[in-house]
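Each chain is listed here by its residues.
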Amino acid sequence: MRLNTLFAVVAPLALLLPLTAHADWPKGEREKYMAQCTQAATPQIGAAAAKSHCACGADAIKSYPASDIQALMDNKATPELQQKALGQIAKCKADNKAKK
């Protein structure tokens, strides 16, 4: 009987873990990222491709904790976090080439 009670308490908490593990962009930061990214990428790859690439990059790092995203946006991220984010964003470039 104790096991059933324990399971009844732990199961809902376990179901909530994915919600806390995958954060989202802090308010207003995704728009800021998109504006900066598309402005930088448009001269090199065109407006449509820049928008697509930047949206992919934003989606690639949205699962990071909000504090990590904020650190990246404020240029205060550790070199390791910067490299990890760049690696995720670089996959978008590879995915876009594969789709062509």
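Quick caveat: nothing in here was measured; it's all calculated off a predicted structure.

Caption draft 1: Representation of the state of the cysteines within the structure. Tallying each qualifying case throughout the model produces 2 disulfides. Each disulfide pairs two cysteine sulfurs, and for Cys-37 the partner residue is Cys-54, the sulfurs being separated by 2.0 Å. Linking Cys-37 and Cys-54, the disulfide has an S-S dihedral of approximately -85° and is accordingly described as left-handed. On the criterion of sequence distance, the pair formed by Cys-37 in helix H2 (residues 29-45) and Cys-54 in helix H3 (residues 47-61) is long-range, its members being 17 residues apart.

Caption draft 2: Looking closely at the packing of aromatic side chains. Going through the model one piece at a time under the given rule, you end up with 1 aromatic pair. Geometrically, the ring pair formed by Trp-25 and Tyr-33 is tilted, given 5.3 Å between the ring centres and 40° between the ring planes. The buried category is assigned to Tyr-33, whose relative accessible area is 11%. The ring of Tyr-64 carries the charged tip of Lys-84 above its face, separated from the ring centre by 4.8 Å.

Caption draft 3: Representation of the packing of H2 against H3. Look at H2 against H3: their axes get within 8 Å of each other, and the N-to-C directions meet at 140°. Considered as vectors, H2 and H3 are oriented oblique to each other. As H2 runs across H3, the sense of the crossing is right-handed. Contacts from Arg-30, Tyr-33, Met-34, Cys-37, Thr-38, Ala-41, Thr-42 and Ile-45 of H2 reach H3 at Ala-47, Ala-49, Ala-50, Lys-51, His-53, Cys-54, Ala-55, Gly-57, Ala-58 and Asp-59. A class-by-class count of the residues in the contact of H2 with H3 yields 11 nonpolar, 4 polar and 3 charged.

Caption draft 4: Representation of the environment of Ser-63 in the model. With respect to the secondary-structure elements, Ser-63 resides in the loop between H3 and helix H4 (66-73). A relative accessible area of 31% places Ser-63 in the partly exposed class.

Caption draft 5: Molecular detail of H3. For H3, built from 15 residues, the straight-helix expectation of 21 Å at 1.5 Å per residue is met to within 8% by its first-to-last C-alpha distance of 21 Å. Along H3, the residues that are buried comprise Ala-50, His-53, Cys-54, Gly-57, Ala-58, Ala-60 and Ile-61. Viewed end-on, H3 has its buried residues packed into an arc of 160°, placing them on one side of the element. Away from its buried face by more than 90 degrees, H3 exposes Ala-48 and Lys-51.

Caption draft 6: Region of interest: unusual backbone geometry. One non-glycine residue with positive phi stands out, namely Asn-75, at about 55°. Among the structural elements, Asn-75 can be located in the loop between H4 and helix H5 (79-99). By relative accessible area, which is 67% here, Asn-75 ends up exposed.

Conventions and cut-offs
Residues numbered from 1 in each chain as written. Predicted model: local features only at pLDDT ≥ 70, side-chain atom pairs only at ≥ 80, totals over all residues. Heavy atoms only, no water. Disulfide = S-S within 2.5 Å. Helix = DSSP H or I, 4+ residues; strand = E, 2+ residues; numbered from the N terminus. Phe/Tyr/Trp six-rings, centres within 6.5 Å; stacked < 30°, edge-to-face > 60°. Buried < 20%, exposed > 50% of the residue type's maximum accessible area, 1.4 Å probe, protein only. Lys NZ or Arg CZ within 6 Å of the ring centre and 35° of its normal. Axes fitted to C-alpha atoms, helices over the stretch in contact; angles between N-to-C directions. Parallel < 35°, antiparallel > 145°, perpendicular 65-115°, else oblique. Left-handed = near helix turned anticlockwise from the far one by under 90°. Contact = heavy atoms within 4.5 Å. Nonpolar A, V, L, I, M, F, W, Y, C, P; charged D, E, K, R; others polar. Expected span 1.5 Å × (residues − 1). Arc of directions from axis to C-beta.

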